[in-house]
Amino acid sequence: MHELNRKDQSFIWHPFTPLTNEEKPIVITHASGIYLHTLEGRRIIDAVSSWWVNIHGHSHPDIAAAVASQASTLDHVIFAGFTHAPAIGLAERLLTILPKNQRRVFFSDNGSTAVEVAVKMAVQFWRNKGIEKKKIIALEGAYHGDTFGAMAVGERGMFTAPFADMLFDVSFLEFPDSTREQSVVDQFRRWVENGDIAIFIYEPLVQGASGMRMYSADILNELLKIAHSHDVICIADEVFTGFGRTGKHFASDHVDEHPDIVAISKGITGGTMPLSVTSCSDRILDGFRTDDFSKTFFHGHSYTANPIACAAAIASFDLLTTDACQQQIGLISKMHQDFAAEMSQHTAVANARTCGTILAVDIKTEEGHSYSNALRKKIYPFFLERDILLRPLGNTIYMVPPYVITKDELNVVYNAIRQFADNV
Ligand SMILES: Cc1ncc(COP(=O)(O)O)c(C=O)c1O
């Protein structure tokens, strides 16, 4: 065993990994574009953008330069009572692409905390207004992160079971897939008509972690309209879907009705620095515009609006909004569509679907879909042996590549998926 692996095994506790796991993690020495380079000299295609963050590929020179320059200028400063150009520049840029009603941004440092901030903001909004509304609606199958509030608004299951008694109550609406759209809308209307619903939180168009489950923009639009007609605060969790993943800057851009609060992270710095943002509309700000000190939003993190992270995010934003990047997003989306159409005819495939740069292929299985589906144990090594990183969600093979991937490289991954389906 290499010394790095020996030390890794002695000193480190990895996420989502049993401590007794016998497989040693692969040591990565450097990464560039879509490739991860291993200690043994292998070059692995990062077809999942390393947990969906590296939208421009790894070690992008523009982002690296912005980070280096910022690190030697202003590394960090407390963000209460102080401010700085990178945070201001980033906020200004983000508000040009966020849904039109979004007015201000609040910084934190990962997707879960962006969601915590969103939920706390909405809960306190009602309290500040003196209105007794606390009920929350989320979607079945939701994943909003691993902190307590984020767990509470997510699907309860294996991940949250140890904490089940400690999570606040949430009503979970059936997932509005194409077989039950109307019944879900009717159920939602019945719930909000009671007048006591405070918050509706959702992953717009695609539920990532629960298996890249997709639902229609029309249905989402309808749910948002119903929610707004009953004064419910709508929180769009765009942590995964933001920054071009669904073909537009945000999944919320596919619907007319705007969310009141938006949580974003993942692609924000192009996978270089931890950062997240919770933005909100004037309506939310109104709940906090008061001289009553006790109604302040008392929330913040040591690294709030870290200047190096903000500089990385500005560089990433400037890349995202180039024509070249937008064309790549269009190309990937088109190629995914053609490939999904082909795969949906395959006898081993239960369902193949796509939304923008997201491709998902469910392999048929007796077991039914779940994160712990046994097929996972076959899928992951199959692709890794072929130098492709695809980390399946149970029996769902999915791909969310960095936008710099080329046609040929996409075809390498598609061919491997074909080969898996042919031999499963
Ligand atoms: C929709 C969504 N929200 C929140 C999170 C949590 O983000 P993080 O892992 O950065 O805490 C995730 C992570 O996968 C996510 O997909």
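Just above, that's the structure.
Now for the nonpolar core. Residues F200, F383 and L390 are the most contacted members of the largest nonpolar core, which totals 98 residues. Apart from the residues lying within four places of it in its own chain, the contact partners of F200 are I137, L139, F188, L223, L224, V232, I233, C234 and I235. In terms of nonpolar packing, the next biggest core, distinct from the first, is built from 28 residues, F106, V117, I136 and I284 among them.

Taken together, seven strands build an open sheet; the order of strands is β4-β12-β11-β10-β7-β5-β6 and the sheet is mixed. Either end of the sheet is taken by a strand with one partner, and the two such strands are β4 (102–108) and β6 (171–173). The mean angle between the axes of side-by-side strands here comes to 20°, regardless of whether they run parallel or antiparallel. Pairing of strand β7 (residues 197–202) with strand β10 (residues 233–237), which is carried by four bridges, proceeds in the parallel orientation. Of the residues in β10, the one forming a bridge with F200 is C234. Contacting β4, β11 (261–264) and β12 (276–281), helix α4 (residues 85–97) crosses the sheet at an angle of about 135° to β4.

The next subject is a nonpolar patch on the surface. Taken together, the side chains of F16, W51, M158 and F159 define a hydrophobic patch exposed on the protein surface, amounting to about 420 Å² of accessible area. Checked against the element boundaries, F16 lands in the loop between α1 (3–11) and β1 (28–32).

Within the structure, the ligand sits among W52, N110, G111, S112, Y143, H144, G145, E203, D237, V239, F240 and K266. One of the side-chain nitrogen or oxygen atoms of N110 is found 3.3 Å away from an oxygen atom of the ligand. In the environment of the ligand, an oxygen atom lies 2.8 Å from a nitrogen or oxygen atom belonging to the backbone of G111. For the ligand, whose free accessible area comes to 390 Å², the fraction covered by protein is 84%. Among the residues forming the shell around the ligand, the class breakdown is four nonpolar, five polar and three charged.

The next subject is the packing of α4 against helix α10 (residues 307–320). Remark: α4 packs on α10, axes separated minimally by 8 Å, with the N-to-C direction vectors making an angle of 35°. Seen along the crossing, α4 lies across α10 with a hand that is left-handed. Side by side, α4 and α10 meet where P86, A87, G89, L90, R93, L94, T96 and I97 of the first sit next to P307, C310, A311, A313, I314, F317, D318 and L320 of the second. Partitioning the contact of α4 with α10 into residue classes produces twelve nonpolar, two polar and two charged.

Along β10, five of the five residues are buried, which leaves the element largely enclosed by surrounding structure. Of the strand pairs in this sheet, β10 and β11 are connected by three bridges, and their pairing is parallel. Bridge pairing in β11 links A236 to V262.

Under the criterion given, the structure shown has 17 salt bridges. Across the salt bridge formed by R103 and D282, the nearest N and O atoms sit 3.1 Å from each other. Taken as a pair, R103 in strand β4 and D282 in helix α9 (residues 282–286) lie far apart in primary sequence, 179 residues in all. According to the relative accessible area criterion, R103 is partly exposed, its value standing at 40%. D282 sits in the partly exposed class, given a relative accessible area of 31%. R386 is the partner of E385 in a salt bridge, and the nearest nitrogen-oxygen pair spans 3.8 Å. Judged by its relative accessible area of 62%, E385 is exposed. Ionic contacts of the salt-bridge type, sharing partners, join the residues R103, D282, D286 and R289 into one network.

Sheets are built from strands that pair by backbone hydrogen bonding, the pairs being arranged parallel or antiparallel. Within the open sheet, the four strands sit side by side as β1-β2-β3-β15. Their pairing is mixed. Bordering the open sheet on either side are β1 and β15 (388–389), each of which pairs with just one other strand. Here strand β2 (residues 35–38) runs beside strand β3 (residues 43–46); their pairing, made up of three bridges, is antiparallel. Bridge pairing in β3 places Y35 opposite I45.

Moving on to the packing of helix α3 (residues 61–71) against α10. Contact pair α3 / α10: the axes reach a minimum separation of 8 Å and the direction vectors enclose 155°. With respect to each other, α3 and α10 are oriented roughly antiparallel. Crossing angle aside, the handedness with which α3 passes α10 is right-handed. Here D62, I63, A66, V67, Q70 and A71 of α3 come into contact with α10, specifically with P307, I308, A311, A312, A315, S316 and L319. Residue composition of the contact of α3 with α10, grouped by class: ten nonpolar, two polar and one charged.

Conventions and cut-offs
Residues numbered from 1 in each chain as written. Predicted model: local features only at pLDDT ≥ 70, side-chain atom pairs only at ≥ 80, totals over all residues. Heavy atoms only, no water. Core = buried A, V, L, I, M, F, W, Y, C linked by side-chain atoms within 4.5 Å. Buried < 20%, exposed > 50% of the residue type's maximum accessible area, 1.4 Å probe, protein only. Contact = heavy atoms within 4.5 Å. Pairing = 2+ DSSP bridges. Helix = DSSP H or I, 4+ residues; strand = E, 2+ residues; numbered from the N terminus. Axes fitted to C-alpha atoms, helices over the stretch in contact; angles between N-to-C directions. Patch = residues over 30% accessible without salt bridge, like charges linked within 9 Å, V, L, I, M, F, W, Y side chains within 5 Å. Areas by Shrake-Rupley, 256 points an atom, 1.4 Å probe, with all protein chains shown as cover. Salt bridge = Lys/Arg side-chain N within 4 Å of Asp/Glu carboxyl O. Near = heavy atom within 4 Å. Polar contact = N/O pair within 3.5 Å; in protein donor to acceptor, adjacent residues only side chain to side chain. Nonpolar A, V, L, I, M, F, W, Y, C, P; charged D, E, K, R; others polar. Left-handed = near helix turned anticlockwise from the far one by under 90°. Parallel < 35°, antiparallel > 145°, perpendicular 65-115°, else oblique.

Such coordinate-based values are descriptive only and should not be taken to indicate function.
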